[in-house]
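# Summary of structural features
Residue-level listing of the chains:
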Protein chains: 2
Amino acid sequence: MRFKHALLAILTLCASCWGQEVKSQSAPTNVPGSEFPRLNSDLSATFRVQAEQAQKVQLLMELGQSTYDMAKSTDGFWEVTTKPLLPGFHYYLISADGFDSTDPGSRTFFAARKEVSGIEVPAAESEFFAIKDVPHGAIRIESYFSKATGEWRRIFVYTPPGYDQDSERYPVLYLQHGWGEDEAAWSHQGHENFILDNLIAAHKAKPMIIVNENGMTGINFAPPPAPRSVTSTPPSPSPSRSMADTIREERYVLFDSVISQDLVPFIDAHFRTIPDREHRALAGLSMGGGQSVRIGLNHLDLFSYLGAFSPALFITDTAKDYDGALADSAKVNRRLRLLWIGVGGDDFLLGPVKGSHEALEKGGIKHVWVESSGAHVWTVWRKYLNDFAPKLFQ
Amino acid sequence: MRFKHALLAILTLCASCWGQEVKSQSAPTNVPGSEFPRLNSDLSATFRVQAEQAQKVQLLMELGQSTYDMAKSTDGFWEVTTKPLLPGFHYYLISADGFDSTDPGSRTFFAARKEVSGIEVPAAESEFFAIKDVPHGAIRIESYFSKATGEWRRIFVYTPPGYDQDSERYPVLYLQHGWGEDEAAWSHQGHENFILDNLIAAHKAKPMIIVNENGMTGINFAPPPAPRSVTSTPPSPSPSRSMADTIREERYVLFDSVISQDLVPFIDAHFRTIPDREHRALAGLSMGGGQSVRIGLNHLDLFSYLGAFSPALFITDTAKDYDGALADSAKVNRRLRLLWIGVGGDDFLLGPVKGSHEALEKGGIKHVWVESSGAHVWTVWRKYLNDFAPKLFQ
């Protein structure tokens, strides 16, 4: 599989500028004009940063899950070439004598509650989220007031191609990011707009509006924290029930109000939506997947399609979980037109998500179950959106 | 003046949460949950970063124009408190043993061709760009194909409040960033949307569309550069004529084609504009100001209002400059409804801009001339937009 990825990537990596003599090229996530990081033909990447007086410089791939020591050259620059990387998107940081920060050569992305660097490793399978010569929708940055939180909030809204020219009404997918990210993630990291543009152009998905809110809402997300966390990886939700209970109480109740009482009415008032449950979907990744299932089951009056991508999902007993919202399986199956759950074989949440799938099976709750390849990464979530969106509003 | 700024800021800095016992608070540009950097009541700011093994850590305010050595505490954190800062927006970096990068406590902004940190120091005078309980427009991220550059390009488009609800047509302001920034700058750093929302709500400016393109176009901006520049401050345009000639050739001609041949037709085709010169303005800051005057004078068929904020402007002889476009002053004065030029007294471009103003006076070219307080910073450019926009399309 790795070999196939690499081969495809070699064949397609910027085919137009990849001559026989070219052995490496700037990553597409570089800031304009930056030579490094560079992608090599075996899909390894070479990183290079300046840190003249540093004693130790490291590359923290996936925010520290994989660490490389960088080597100092005579000119004050530090360099390292990684092992071949999986095609797709990778968060990373540079650590210089214990200062963990961004690489000046790359664009930043909001993750783990801070700005981090990202590197895109393109391959043939990147085509579905590439910008192509098809009609394009737009991403709108909108402001609206939430009574639930008492503040103006920023949302990102994808409107499909032609939205400004026609007078049609559209269904809406509410689509959420994961822990530590924000409302920009699905466009900036996820390329939701190009995924939908391409699906719509190929007549594979119905034209739809997509709304991204900020799920990092509530006291659990805005404590007076320590000045800087020592670990650079986000804490992962514990699969224990007590942790799930805590998450539900602190993380889900307030955001439920934001979505159900403030956001949906705002969207229906300000966009040409089809304002009924048959034309509303709610989905998300990781924490956002857990939020989507929880809030969706609590609001079957609002949503009839639910999606959970590598979700923080800890279902063990459909008779009791979600305050009994799954207990009457016939009723749930009648109301829910789609419950889509996907997780990668290398995902640290595979266990609880698979357990949730089995509990749903046992409880007679119909759902689409996808166990894909991949880990807890955007590479997987982009593919999930590409698989999920065509199943909506048909 | 400094004292007045500080006093106003103390009185108004987040008035709702600023109790008598509160001596400092998180900056509004911090990532959510980050305690540092903190703003103190005298408008100084305290920065704190982790760099356990570092030997020397510095704060580079304004990307190095003002440098502070940080002091190490026993817990591996480094800290420094600045002198009182001017209210407004400041770019900055952290340098740890020669590794110049972003502060994990702050949001990043694109400047000097890379991602850098920013800190907002709020004050009473920040009110005009604050989000308020008024109708809000939206920022749209759009994609369009430029034949001039042969690529899909990303633009930001502000649509005024009510644009989606009404069927009116609107005038358009094309508004450009400075060297090393990009099309996101006027919304992210500049808050153009809230400035216009507030002006429109107060009936001080006509509702208008604003379009932001990326002016870093052309071979001068995309060379295969050195891996990392040693200096962290952007090279400033030289006021010499030969440099100005070079800039004109390499920096302006291609972007002229992007604007005049590709962008204006796209905007007129996809937005409800009033598609004539009487309802089009072109303005920009620094390099973008120079571009606006150059491209605007070359396209008086397209634009009748021009704005130059702290511009890279080197006019010495209106009979010869811009290939004679200013030579017939009566004709220019008849065609241009507004030529607005502003620069701060502490701006490094004050000399050439003032010289350009004097040359225009001598040449009989009517223009509005504003010599304000302030340096070459976003704090000034936000105010300029707030002054300039009400003069458009009246």
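Residues numbered from 1 in each chain as written. Chains lettered and ligands numbered in written order. Predicted model: local features only at pLDDT ≥ 70, side-chain atom pairs only at ≥ 80, totals over all residues. Heavy atoms only, no water.

Counted according to the given criterion, the structure contains 38 salt bridges over all chains. One salt-bridge network, in which partners are shared between bridges, spans A:Arg140, A:Asp164, B:Arg140 and B:Asp164. (Salt bridge = Lys/Arg side-chain N within 4 Å of Asp/Glu carboxyl O.)

The subject of this paragraph is the pairing of strand S8 (residues 88-96) of chain A. On a regular strand, one side chain projects to one face of the sheet and the next to the other, so that they alternate. Residues and elements named next belong to chain A. The buried fraction of S8 is high, at nine of nine residues. Alignment of strand S4 (residues 57-61) against S8, held across five bridges, turns out to be antiparallel. In the sheet register, methionine 61 faces S8, and the bridge partner there is tyrosine 92. Here S8 runs beside strand S11 (residues 114-121); their pairing, made up of five bridges, is antiparallel. Looking at the pairing, tyrosine 91 lines up with glycine 118 of S11. As paired elements, S8 and strand S9 (residues 99-101) share three bridges and run antiparallel to each other. Note that in S9 the partner of isoleucine 94 across the bridge is serine 101. The hairpin formed by S8 and S9 contains two residues between the paired strands, and aspartate 97 there has a positive phi angle of roughly 50°. (Buried < 20%, exposed > 50% of the residue type's maximum accessible area, 1.4 Å probe, protein only. Helix = DSSP H or I, 4+ residues; strand = E, 2+ residues; numbered from the N terminus. Pairing = 2+ DSSP bridges.)

Note on the copies: chain B fits chain A at an RMSD of 0.0 Å, the axial shift is 0.0 Å, and the rotation between them is 180°. Such a combination of turn and shift is consistent with a two-fold rotation axis. The rotation axis passes nearest to the C-alpha of B:Arg140 in chain B, at a distance of 2.1 Å. The share of interface residues of chain B whose copies in chain A are also at the interface is 100%, consistent with both copies meeting through the same surface. (Least-squares fit on C-alpha atoms with pLDDT ≥ 70 in both. Contact = heavy atoms within 4.5 Å.)

Within the structure shown, the criterion is met by 37 aromatic pairs over all chains. Taken together, a centroid distance of 5.7 Å and an interplanar angle of 35° make the contact between B:Tyr163 and B:Tyr170 tilted. B:Tyr170 shares its class with B:Tyr163; the two are buried. These aromatic residues form a ring-pair network of at least three members: A:Trp186, A:Phe309, A:Trp340, A:Trp378, A:Trp381, A:Tyr384 and A:Phe388. Positioned over the ring face of B:Phe77 is B:Arg48, at 4.5 Å from the centre of the ring. (Phe/Tyr/Trp six-rings, centres within 6.5 Å; stacked < 30°, edge-to-face > 60°. Lys NZ or Arg CZ within 6 Å of the ring centre and 35° of its normal.)

Okay, the confidence of the model for chain A next. Residue and element names in this part refer to chain A. For chain A, the average pLDDT comes to 89, and 86% of its residues sit at 70 or higher. Across residues 1-21, where pLDDT falls below 50, the model places 28 contacts with residues more than four positions away in sequence or in other chains. Counted against residues more than four places away or in other chains, residues 222-239, with its pLDDT under 50, gives 41 contacts. (pLDDT = per-residue confidence, 0-100.)

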